[in-house]
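Residue-level listing of the chains:
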Amino acid sequence: MRRSDREITDKKELIEIIKKCDVCRIVLNDEGYPYIIPLNFGMDIQDEQIVFYFHGASEGRKYDLIRKDNRASFEMDCSHQLVMDDKKMSCTMNYESVIGRGHIEIVSEEEKMKGLKILMKHYHQEDFQFGTAIVPRTNVFKLIVEDMTAKRR
């Protein structure tokens, strides 16, 4: 990281940033080009291991790419605020961001409801009751984080 003065190394603080983010962008390999997808997500921590859960339709390009290469990078950001300096006639932006990488796994039918509940918890409340009619046509996949960094300005 070039600006180590902005790096966040405390894991609890990093997790608090993740909790404030609305979207996680995952990046997949697509024949030499990155393929980026903004997704809703939920976070689970299993024995110090951070896992992000996502959902989507039961087929599509991202699943084709995951089957070819399940490695992925991710990015999320929040707390954006424009900072103006009228004297210097300049501006900058405050932010908090997390980037990292890991590998993706399609979850089993047995784990699917767990993943959806974790996802819903991120946006609503822990025991949010949602309709289950669409669940059979919904895929749930998880990104198991291998490493990540965070920074703030």
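Residues numbered from 1 in each chain as written. Predicted model: local features only at pLDDT ≥ 70, side-chain atom pairs only at ≥ 80, totals over all residues. Heavy atoms only, no water.

Colleague: Which residues make up the environment of Glu13, and what values do they have?
Modeller: Within the secondary structure, Glu13 sits in helix 1 (residues 11-20). Along the primary structure Glu13 and Ala150 are separated by 137 residues, whereas in three dimensions their C-alpha atoms are 9.2 Å apart. In this structure Glu13 touches Ile8 and Arg152, once residues within four positions along its chain are discounted. (Helix = DSSP H or I, 4+ residues; strand = E, 2+ residues; numbered from the N terminus. Contact = heavy atoms within 4.5 Å.)

Colleague: Tell me what's going on with the pairing of strand 6 (residues 71-85), and back it up with residues and numbers.
Modeller: Sheet topology places strand 2 (residues 24-30) next to strand 6; 3 bridges connect them, and they run antiparallel. Across the sheet, Arg25 pairs through a bridge with Glu75, a residue of strand 6. By the bridge criterion, 13 bridges tie strand 6 to strand 7 (residues 90-106) in an arrangement that is antiparallel. In the sheet register, Ser73 faces strand 7, and the bridge partner there is Arg101. Where strand 6 folds back onto strand 7 in an antiparallel hairpin, the turn is made up of 4 residues, including Met89, whose phi is positive at roughly 55 degrees. (Pairing = 2+ DSSP bridges.)

Colleague: Lay out the nonpolar core in plain terms, naming residues and giving numbers.
Modeller: Within the largest apolar cluster, 29 residues are counted, with the highest numbers of intra-cluster contacts made by Ile26, Phe52, Phe54, Phe74, Met76 and Leu143. Of all the secondary structure elements, the ones that give two or more residues to this core are helix 1, strand 2, strand 3 (33-39), strand 5 (49-57), helix 2 (61-68), strand 6, strand 7 and strand 8 (138-152). Setting aside chain neighbours within four positions, we find Ile26 in contact with Tyr35, Ile36, Ile37, Leu39, Phe54, Ser73, Phe74, Ile104, Phe141 and Leu143. (Core = buried A, V, L, I, M, F, W, Y, C linked by side-chain atoms within 4.5 Å. Buried < 20%, exposed > 50% of the residue type's maximum accessible area, 1.4 Å probe, protein only.)

Colleague: Give a detailed account of the state of the cysteines, specifying residues and quantitative values.
Modeller: Each disulfide is one covalent bond, formed between the sulfur atoms of two cysteines. One pass over the structure, following the stated rule, counts 0 disulfides. Unpaired in terms of disulfides, Cys21 finds its nearest cysteine sulfur in Cys78, a separation of 3.7 Å. The exposure class of Cys21 is buried, given its relative accessible area of 1%. (Disulfide = S-S within 2.5 Å.)

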